[in-house]
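What follows is the residue order along each chain.
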Amino acid sequence: MEKGKKRLVFTREEMLDMNKKTLLKRGVAVDAIAEITYKQQSRYTQNISRQVCYESVEKILSLRDVFHHIQLAAEIDRLAEEGMFQGPIQDIIFEDLGLFGIDETMGLDVAGIYGTIGLTNFGDIDVNKHGIVQRLNDAGKEPGICHTFLDDIVGAIAAAASTRVAQVMNEEYAHENDAIKKISIFDLDNLD
Ligand code: MG
């Protein structure tokens, strides 16, 4: 890389690491997100493990699009806490105005990465405020704290992870069915 040139792209390991650090700085651990995923998905799928939920959250945290979302969302909240925006948008974001929906729009963008049901999962988390999402929402009402974007991004990651778990479980289920020949899509030469 040219000397002095700013680095704009990172490896998936680096993005996962930076995302985890950013979330922790804002009070969110991977475990807390995975717990929402586990609670939500175990309503629909039996015998899911916490491990697959945790892995799904980590996988999502390593994606470039999600990296951009998290880094931007965390910075918007921090800047609002520091009163750094000019004009009416400072108070709109800081006070988490109900009719301001750009935080939800960002959440929807992330929630759908493993399929459309992610959007429904996100809606459920947004309305029912499970676990860490409720805690972020409550803490965001304390003086000097802004979680306007963070609660949506965290809910969206949990929703996308929940969708990934459903996809993984269904894939396993499809392979369990003896009526379906166990041929991988990478093994097409063996098809009759
Ligand atoms: Mg919000």
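Conventions adopted
Residues numbered from 1 in each chain as written. Predicted model: local features only at pLDDT ≥ 70, side-chain atom pairs only at ≥ 80, totals over all residues. Heavy atoms only, no water. Salt bridge = Lys/Arg side-chain N within 4 Å of Asp/Glu carboxyl O. Helix = DSSP H or I, 4+ residues; strand = E, 2+ residues; numbered from the N terminus. Buried < 20%, exposed > 50% of the residue type's maximum accessible area, 1.4 Å probe, protein only. Core = buried A, V, L, I, M, F, W, Y, C linked by side-chain atoms within 4.5 Å. Contact = heavy atoms within 4.5 Å. Donors = N, O, S within 2.8 Å, 3.2 Å for Na, K, Ca; no water. Polar contact = N/O pair within 3.5 Å; in protein donor to acceptor, adjacent residues only side chain to side chain. Axes fitted to C-alpha atoms, helices over the stretch in contact; angles between N-to-C directions. Parallel < 35°, antiparallel > 145°, perpendicular 65-115°, else oblique. Left-handed = near helix turned anticlockwise from the far one by under 90°. Nonpolar A, V, L, I, M, F, W, Y, C, P; charged D, E, K, R; others polar.

**Notes on the pattern of salt bridges**
Going through the model one piece at a time under the given rule, you end up with ten salt bridges. Between glutamate 75 and arginine 78 there is a salt bridge, with its nearest N and O atoms 2.6 Å apart. Placement of both glutamate 75 and arginine 78 in helix α4 (residues 64-81) is noted, with a separation of three residues, approximately one turn of the helix. When its relative accessible area of 29% is taken as the criterion, arginine 78 is described as partly exposed.

**Quick notes on the nonpolar core**
With 42 residues, the main nonpolar core has Ile153, Val154 and Ile157 as its most contacted residues. In terms of residues, this core owes the most to one element, helix α9 (residues 150-176), which gives eleven residues. Leave out the neighbours within four places in its chain, and isoleucine 153 touches His69, Ile70, Ala73, Met106 and Val110.

**With respect to the coordination of the magnesium ion**
In ideal tetrahedral geometry, four donors around a metal make angles of 109.5 degrees, whereas ideal octahedral geometry with six donors gives angles of 90 or 180 degrees. Listed as protein donors to the magnesium ion are Asp103 (OD), Thr148 (O), Asp151 (OD) and Asp152 (OD); their distances from the metal cover 2.1 to 2.6 Å. Counting residues between consecutive donors of the magnesium ion along the chain gives the motif D-x44-T-x2-D-D. On the basis of relative accessibility, which here comes to 8%, the residue aspartate 151 falls in the buried class.

**Looking at the environment of glutamate 58**
Examined against the element boundaries, glutamate 58 turns out to sit in helix α3 (residues 50-61). Through-space distance from the C-alpha of glutamate 58 to that of aspartate 17 is 9.5 Å; in sequence the pair is 41 residues apart. A distance of 2.5 Å separates polar atoms of two side chains, one belonging to glutamate 58 and the other to lysine 20.

**Topic: the packing of helix α1 (residues 12-25) against α4**
The geometry of α1 relative to α4 is characterised by a closest axis approach of 10 Å and an angle of 25° between their N-to-C directions. Between α1 and α4, the interaxial angle falls into the category roughly parallel. In this structure, α1 meets α4 at a crossing whose hand is left-handed. In this structure, α1 uses Met15, Met18, Asn19, Thr22 and Leu23 to contact α4, whose residues at the interface are Arg64, Val66, Phe67, Ile70, Gln71 and Ala74. Classifying every residue of the contact of α1 with α4 gives seven nonpolar, three polar and one charged.

Geometric values such as these leave the question of function open.
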